[in-house]
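Residue-level structure breakdown
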Amino acid sequence: MSKKEKTIIKVENLVRHYDSGIIVKALNGVSFNIKEGELIMIMGPSGSGKTTMLRILGLLDKPTKGKYTINNLDVVDLPEEERNYYRLTQLGYVFQDYALINEMSASENVSILSLMEGKSKKESFLTAKEALEKVGLGDKLDRVPNRLSGGEKQRVAIARAIAKKPKILFADEPCANLDTQTSAQVLEVLNNLNKKFGQTIVMVTHENWHTKYASRIIQLRDGLIVSDKARRDGFK
Amino acid sequence: MFDDIRVGFVSALSSVKRGNKKTLIFIIFVLALIFMNLIFLPSFIGGISGMFTNFMKYPYGDIVIEPGENNIYINNADNVLQKIRAVPNVKAATKRLDVGASIEYNQKVVGSTITGLLPSEEYDISNYPYIIKEGEFLGDLAQDEIIIGAMLVEGYFGSEIYDNLGGVRVGSLVNVTYSNNVERTYKVKGIMEGTFELVDLNALIHYKEIEDVFGLNESKATSVVVKVQEEADSKEVKEKIISVGVKEPISTSDEKSDAILRQAMQSIDMINVVSNLVSLIVGAALIFIIIYINTLNRRREIGILKAVGITPNSIRISYIFISVFYVIMGIFAGLILYFILMFYFTKNPVIFYETIRLTPEIQGGLIIKSIFTMLIMSVIAGFIPAWFVTRKSILEAIWGR
């Protein structure tokens with residue numbers, strides 16, 4: 001089995017129901033595998049369960065039922081401390097609304113994770129600098145989020161997610177708040193990471209034109225997978 | 001743990017460095033007022049307490065020996081003094097004679113207590129030689145001189161509410177009529193001001209003069225006043241004086257002030273304790289509320305930090321650092337405010353009971369205790385809300401669900 005074909009994520013019969021007075025059935029039994037080096041786009045209408053699924057995959061939420069393994073490790077029942085450590089060291093997550101700390105500069109937003117991993121201050125700064133250069137923000141290390149454009153903020157968020165070289169990068173509608181041109185720049189960054197560095201990426205989007213960057217597209221509706229197809233005409 | 005502290009510190013530092021400056025100033029201002037509240041009123045109450053204790057030192061020194069029951073005088077006070085001076089830790093001792101008299105100047109007459117004392121011995125015992133506002137203290141040789149209290153002199157603080165001797169000044173001649181009707185004329189050598197009625201309504205004359213006027217001999221005294229060494233305990237010295245055979249009643253100045261001011265001091269102490277307790281509770285609650293609101297406002301930020309893998313411990317430590325920083329700045333600002341007010345009230349004392357000028361007393365122990373309390377509160381106030389928020393799920397912290 002080649003490296004690219006190695007299965008990194010296995011999801012079996014994933015169910016997520018919210019109880020907020022009435023039961024909201026966000027996911028109703030979803031199963032799929034993800035191979036290393038894939039750039040997967042999860043699509044579907046509002047309320048189809050895209051974001052819920054990504055949050056479970058990113059270990060930000062737990063499923064009501066079902067099995068989820070990363071590299072054969074069952075991550076659902078990991079204690080909270082270990083899930084936290086796993087998020088820190090193995091996964092990257094890009095939020096729709098950037099989720100940057102406004103009081104930290106771009107480099108601090110990125111380097112704080114390396115500090116948490118135990119790297120020295122200098123080493124952490126260099127890691128952050130490298131990641132920010134990778135997303136084209138090498139000249140804006142000291143800028144705070146309020147002095148960055150939407151696209152730049154999202155690129156800082158991507159830099160934060162990739163600085164620690166995660167096994168898998170999750171991105172939840174990273175272009176939702178961006179114009180088309182800026183969206184294209186962000187998608188190029190993600191595409192480059194996938195193409196040049198073999199980064200596994202799982203991204204939620206509702207824009208059809210984004211799919212030209214995908215190697216595989218999973219369609220969700222009412223918490224179920226309605227389509228799961230590989231793209232043969234993409235960059236892959 | 002070291003990484004948690006390091007990340008907590010970096011996170012707190014950027015939060016303080018780049019956070020909203022207006023909010024920062026407001027929080028520090030409120031914390032400064034909380035700190036002030038902890039130390040300001042107790043300083044005044046401490047001032048009252050210290051003032052009364054100091055007042056007691058004029059008539060009683062550290063230890064006072066008075067005539068026994070049914071006796072007007074201590075007989076052979078020199079013999080008593082000889083015994084006392086041999087007791088370890090006694091710095092100095094002297095005898096005094098207090099008598100009643102009326103003083104007249106330019107047809108103005110006031111009643112007063114006149115204390116006969118040995119001037120050179122008083123330098124080591126009482127404050128009398130050091131509170132002369134005009135003129136000089138008595139000399140050992142002259143018996144025709146008098147020191148009068150400031151409230152007997154027109155224009156001095158408190159003189160307007162009592163009968164006074166009008167424009168009497170240093171160098172003026174006053175007539176004194178003693179309780180045995182002997183009349184003498186004295187030259188005013190000095191005016192003393194202790195801002196305390198028991199001192200400022202009295203007069204001082206040489207001991208020998210009182211002996212002459214009353215025809216006393218064999219060294220009689222109405223009191224023998226003792227000053228003990230700085231490091232010595234008055235109570236222990238008192239016991240030693242008893243043990244060397246002094247039969248007359250002996251009291252420490254604390255016991256005397258207890259007897260005279262017990263009720264007042266008990267009330268003041270109770271006010272002080274209640275005030276301290278209330279200030280402490282209010283201060284603690286306010287610190288907690290301020291930090292709690294501040295932390296809750298950063299709930300989303302805490303959720304984000306958790307989501308990207310920052311440990312809850314780091315986040316809690318970060319908020320403890322922030323809280324401690326706010327409180328340290330508040331304490332610093334509070335101390336500046338406090339010392340400005342202390343300076344003002346020392347220069348402009350509060351007038352109390354028309355005749356007492358009340359100045360606050362800076363109490364180092366209280367300040368240290370208050371700083372310590374504020375710092376402990378800051379740790380608790382920083383930790384608890386951060387602990388609450390970090391316990392929430394990431395989804396709840398960031399998106400409120």
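Structure: see above.
Residues numbered from 1 in each chain as written. Chains lettered and ligands numbered in written order. Predicted model: local features only at pLDDT ≥ 70, side-chain atom pairs only at ≥ 80, totals over all residues. Heavy atoms only, no water.

1. Some details on the overall build of chain B
Along the backbone of chain B there are 12 helices and 12 strands. When contacts within chain B are restricted to residue pairs at least 6 apart in sequence, those whose partners lie at least 24 apart make up 75%. When the accessible surface of chain B is summed, it comes to about 18800 Å², and 58% of that surface belongs to carbon and sulfur atoms. (Helix = DSSP H or I, 4+ residues; strand = E, 2+ residues; numbered from the N terminus. Contact = heavy atoms within 4.5 Å. Areas by Shrake-Rupley, 256 points an atom, 1.4 Å probe, with all protein chains shown as cover.)

2. Some details on the side chain of Ser114(A)
For Ser114(A), the position within the fold is in helix α3 (residues 106-116). The contact partners of Ser114(A), leaving out residues within four places of it in the chain, are Lys119(A), Ser124(A) and Thr127(A).

3. Re the sheet that holds strand β4 (residues 65-70) of chain A
All names here are of chain A. Reading across from one edge, β2-β1-β4-β5 is the order of the four strands in this open sheet, with antiparallel pairing throughout. Each having just a single partner strand, β2 (22-35) and β5 (73-74) make up the two edges of the open sheet. Against the sheet, helix α1 (residues 50-57) engages β1 (7-20), β2 and β4, with an angle of about 60° to β2. (Pairing = 2+ DSSP bridges. Axes fitted to C-alpha atoms, helices over the stretch in contact; angles between N-to-C directions.)

4. Structural notes on the interface of chain A and chain B
Listed as interface residues are 28 residues of chain A and, on the opposing side, 29 residues of chain B. Both sides together, the interface formed by chain A and chain B hides about 2500 Å², and carbon and sulfur atoms give 62% of it. Among the residues of chain A in contact with chain B, Arg55(A), Glu103(A) and Met116(A) are the three that bury the most area, contributing 27% of the side total. At the junction of chain A and chain B, the tally comes to three salt bridges. The partner of Asp97(A) in a salt bridge is Arg300(B), with the nearest N and O atoms 3.1 Å apart. The interface formed by chain A and chain B includes nine residue pairs in polar contact (both at pLDDT 80 or more). Breaking the side of chain A that touches chain B down by element, the ones donating at least two residues are α2 (80-90) and α3 of chain A. By residue class, the composition of the side of chain A that touches chain B is 13 nonpolar, four polar and 11 charged. (Buried area = accessible area lost by both parts, 1.4 Å probe. Salt bridge = Lys/Arg side-chain N within 4 Å of Asp/Glu carboxyl O. Polar contact = N/O pair within 3.5 Å; in protein donor to acceptor, adjacent residues only side chain to side chain. Nonpolar A, V, L, I, M, F, W, Y, C, P; charged D, E, K, R; others polar.)

5. Re the sheet that holds strand β10 (residues 224-230) of chain A
Pairing between the strands of a sheet is mediated by backbone hydrogen bonds and can be parallel or antiparallel. Residue and element names in this part refer to chain A. Ordered in space as β6-β7-β8-β3-β9-β10, the six strands form an open sheet in which the pairing is mixed. Edge positions in the open sheet fall to β6 (91-94) and β10, since each of these has one partner strand only. Pairwise comparison of adjacent strand axes, ignoring direction, gives a mean angle of 15° for this sheet. Sheet analysis places strand β3 (residues 39-43) next to strand β9 (residues 216-221), joined by four bridges and oriented parallel. Bridge assignment links Ile42 to a residue of β9, and that residue is Ile218. The sheet strands contacting helix α5 (residues 150-162) are β6 and β7 (168-172), and the helix crosses β6 at an angle near 170°. Strands β3, β7 and β8 (200-204) of the sheet are contacted by helix α6 (residues 180-197), whose axis makes an angle of about 150° with β8.

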